[in-house]
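A look at the structure
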Amino acid sequence: MAALFLLSACGGDDGDVNSVADKTVTILGVVVGEQQEKLEAALQPFEDETGIDVIYEGTDSFATLLPVRVESGDAPDIAMFPQPGLMASFASAGQMVPVTEFMDEATLSAAFPETWLSLATVDDSLYGIWYRASIKSLVWYNPSAFAAQGFTVPNTWDEMLALSDELVALGVNPWCVGLESGEATGWPGTDWVEDIMLRTAGPEVYDQWIAHEIPFNDGAVQEAFEEFGNIVLNESYVVGGAVGAISTPFGDAPQGLLGETPTCYLHRQANFIASFLPEGVNPSEALDIFLLPGIDPAYGTPVLVAGDVFGMFNNTPEAQALMAYLATPTPHEIWAELGGFLSPHKQVGLEVYPDALSKKQAEFLSTAETIRFDGSDMMPGAVGTGTFWSGVVDYVSGEPVEDVLDAIEASWSE
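Figured I'd write up the structure that's included with this text. (Residues numbered from 1 in each chain as written. Predicted model: local features only at pLDDT ≥ 70, side-chain atom pairs only at ≥ 80, totals over all residues. Heavy atoms only, no water.)

**What to know about the pairing of strand 9 (residues 288–291)**
Stated precisely, the cut-off is as follows: Only protein chains enter the accessibility calculation, which uses a 1.4 Å probe; a residue is then buried when its area is under 20% of its type maximum, exposed when over 50%, and partly exposed in between. Here a strand is any run of E in DSSP of at least two residues, a helix any run of H or I of at least four, and the numbering for each starts at the N terminus. Pairs of strands are assigned from DSSP output, requiring at least two bridges between the strands.
Going residue by residue along strand 9, you find D288 and F290 tucked away on one face and I289 and L291 tucked away on the opposite face as well. In the sheet, strand 7 (residues 138–141) pairs with strand 9 via four bridges, with the strands oriented antiparallel. By the bridge assignment for strand 9, V139 is matched with F290.

Written out as structure tokens, the structure reads:
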């Protein structure tokens, strides 16, 4: 491991390992609090081996702060991007360093699946090293409550809706949905639409959609919205109905699954929702998961993902060394063992994950036949984190889907 990441520092003054000792590398990222402590623990072996001091700065204003830093000539050596689309904009402007300038392509291919490498590629050059992944296509449920009612996990979309109808007949709302997230209200609904697009239109049309090769008001997008509406607009399906979905904070929504008499039985949300459960609740004991079922058999069961990717602004020996370290399994395994982390690294085995639930999530991620990145994170900010988010809220509030999609399409600048 040490040989690999120190090799990348040979562009230093004399090519000697000591040429990077007692120096620093700076990182700007969105990870803060307890998650920052885990990241710093994962970076500690690099510091111990090289003597390079890693200075990490976490911020909740990453998308605003980073462009200001770059334009003012104060770019961090490395940035930990939560959105590959933002990294791509800097790369396209010639402000970043391709990873392949100092790392071997075979090493990178051995570390990451081609799908993930492609997501970090801009104009045929690879700019990013993937680190933390999120798997979004999960449905959470209470296995004890399922067993008490004699329910089984649905294998198809139709079976899932049939289970929902059965719960309604028992006088129970099947779904907990939470779309409220402050200024980001609506984003959980965009995940629903993206997951459904992959299942009804397929990955090729999905790729065309996020690249604006088809308009946002295309019939395939409308079909996905309406399929989402079949659940979220069904007052019998959702706790609190549409108003409840809009007003419920996304982090509170899964609490309805808990206890001997749940107020809901199904909740679609990413793996990170486990960190929002009440203190004292062990997710592996209280809950279980299954993949959101497929709709069209031709497209199987795709997996929607998100993640953090490291990209380099300053071409220094220290930054090269750290990027090479991040491509090894070590920092991935350290955080995985600490919990609350999934890695897209191919050499990270399931045995490093600390509980059955995270092992299952990692297995879903590693065995998925079709993976696509969160569409709103790949779209221009004005759309993906703007009109798409607000459009979901408008739709759930009762605005006609045609008007919602026309408005989002009009916001997409050519």
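There is more to say after this.
**Here we look at unusual backbone geometry**
The phi angle at D123 is positive, at roughly 50°, despite the residue not being glycine. Relative to the helices and strands, D123 resides in the loop between strand 4 (121–122) and strand 5 (125–126). For D124, which is not glycine, the phi dihedral falls at a positive 70°. Position of D124 relative to the elements: it lies in the loop between strand 4 and strand 5.

**Considering the pattern of salt bridges**
Short version of the rule: Should a side-chain nitrogen of Lys or Arg be within 4 Å of a carboxyl oxygen of Asp or Glu, the pair is scored as a salt bridge.
Under the defined criterion, the tally for this structure stands at 11 salt bridges. The closest approach of N and O atoms between D74 and R69, which form a salt bridge, is 2.9 Å. R199 serves as the salt-bridge partner of D195, at 2.8 Å between the closest nitrogen and oxygen. Of this pair, D195 and R199 are both found in helix 9 (residues 187–200), four residues apart, which corresponds to roughly one turn of the helix.

**Quick notes on the sheet that holds strand 9**
Strand order across the open sheet formed by three strands is 8-7-9, with antiparallel pairing between neighbours. The sheet is open, and its two borders are formed by strand 8 (267–268) and strand 9, each paired with just one other strand. In this sheet, strand 8 lies alongside strand 7 in antiparallel orientation, the contact comprising two bridges. From the neighbouring strand, W140 faces strand 8, where its bridge partner is H267.

**Some remarks on the side chain of E194**
Stated formally: Counted as a polar contact is a pair of N or O atoms within 3.5 Å, where, for protein atoms, one must be capable of donating a hydrogen and the other of accepting one, and residues adjacent in sequence contribute only when both atoms are in side chains.
Here E194 lies in helix 9. At 3.3 Å, the side chain of E194 and the backbone nitrogen of G375 are in polar contact.

**Section: a negative patch on the surface**
Which entries qualify depends on this criterion: Residues forming no salt bridge and having over 30% relative accessible area are the ones grouped into patches, like charges within 9 Å of each other and nonpolar side chains (Val, Leu, Ile, Met, Phe, Trp, Tyr) within 5 Å. Note that accessible areas follow from Shrake-Rupley with a 1.4 Å probe, and for residues the cover is restricted to the protein chains shown. For this count, His and the chain ends are skipped, Lys and Arg are scored as positive, and Asp and Glu as negative. Charge positions come from single atoms, namely NZ of Lys, CZ of Arg, CG of Asp or CD of Glu.
A surface patch of like charges, here negative, comprises E223, E226, D394, E399, E402, D403 and D406. Contributions of two or more residues to the negative patch are made by helix 11 (219–232) and helix 19 (401–411). Broken down by element, the negative patch gets its largest block of residues, three residues, from helix 19. Within the fold, D406 resides in helix 19. Overall, the relative accessible area of 40% leaves D406 in the partly exposed class.

**Quick look at the environment of T200**
Considering the arrangement of structural elements, one finds T200 in helix 9. Classification of T200 by relative accessible area gives buried; the value is 14%. Residues T200 and E227, spaced 27 residues apart in sequence, show a C-alpha to C-alpha distance of 9.2 Å.

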